[in-house]
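Here is how the chains run, residue by residue.
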Amino acid sequence: TQVLRKSLQRGLVLSTGSFLVYEAHKLIFGFAEVHASFKVEEVIEQADYLYGSGETEKLYRLLVQHKTSEDADLLWRLARASRDLAQLSSTSAEEKKQLTYDSLEYAKKALEKNESNSAAHKWYGICLSDVGDYEGIKTKIGNAIVIKEHFQRAIELNPKDATTIHLIGIWCYSFAEMPWYQRKIAATLFATPPTSTFQEALRYFHMAEEADPNFYSKNLLFLGKTYLKLNNKKMALLWLSKAKEYPAQTEEDKQVQKEALELLNSI
């Protein structure tokens, strides 16, 4: 009302007709634009709260209503929420597959809307890797270079994102332990097949931990697993113990605890 009162006061110096047309247009369209902008921010704020609370299903239901959004930040969050829902043990195999493909589409759309969005690159890489699980090892290996490029671009845009640094570590670890038959497939797909080492993977896992200490149970687990691969049992025990003791907030955290305990018992 105060805004309207000031507008009316200014309008007294204008002719009544031109003022009413001008102010009505400004109020209707100006407030509509502010409201639309505010609504996206409000949805993102709600989404981040639900994500932090581990409310995967509620988060997905909130965001999927906005799947036609033009906002990259909203779309990559929908990609993440779709993937997280697919990961739940309560999700059927058919739903899991659909959600996996949906998540890739949302991430792709986020990138189309804003190529400079670090999180969009990260989630596109993650979702492209997930789709490879359904399309066979040849496709998965074939996508490997594209996936790494998106992770590297994400780090260029946001150098302190520990999760993306961790993901490059996972990429390196996967290629370091790749069995011989998969290496043969890689050799048919690339003139110079992608390769890596456990030492390189370890470097990225430590970089992730330095960027954000204790940020992710899986990074702790993979530090332990990588040290095991390098036959350093003392350091493996240290990091696996940290992974086992990490407070479980998600199903993934519980799986990490279980795997860490099994590995500790095997040492």
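Residues numbered from 1 in each chain as written. Predicted model: local features only at pLDDT ≥ 70, side-chain atom pairs only at ≥ 80, totals over all residues. Heavy atoms only, no water.

> So what's going on with the overall build of the protein? Residues and values would help.
Across its full length, the protein holds 14 helices and zero strands. In the protein, which comprises 267 residues, the proportion classed as buried is 42%. Excluding contacts between residues fewer than 6 apart, the proportion of contacts in the protein whose partners are at least 24 apart in sequence is 58%. (Helix = DSSP H or I, 4+ residues; strand = E, 2+ residues; numbered from the N terminus. Buried < 20%, exposed > 50% of the residue type's maximum accessible area, 1.4 Å probe, protein only. Contact = heavy atoms within 4.5 Å.)

> Lay out the pattern of salt bridges in plain terms, naming residues and giving numbers.
Scanning the entire structure with this criterion turns up ten salt bridges. With its nearest N and O atoms 2.9 Å apart, the salt bridge here joins Lys 140 to Asp 133. By relative accessible area, Lys 140 is classed as partly exposed at 26%. Through salt bridges with shared partners, a single ionic network connects Glu 115, Arg 153 and Glu 156. (Salt bridge = Lys/Arg side-chain N within 4 Å of Asp/Glu carboxyl O.)

> Could you give me a rundown of the environment of Ser 217, with the residues and numbers involved?
Secondary-structure assignment places Ser 217 in helix H12 (residues 217–229). Placed 36 residues apart in sequence, Ser 217 and Asp 253 show a C-alpha to C-alpha distance of 6.1 Å. Excluding residues within four positions of it along the chain, Ser 217 makes contact with Ala 243, Tyr 246, Asp 253 and Val 256.

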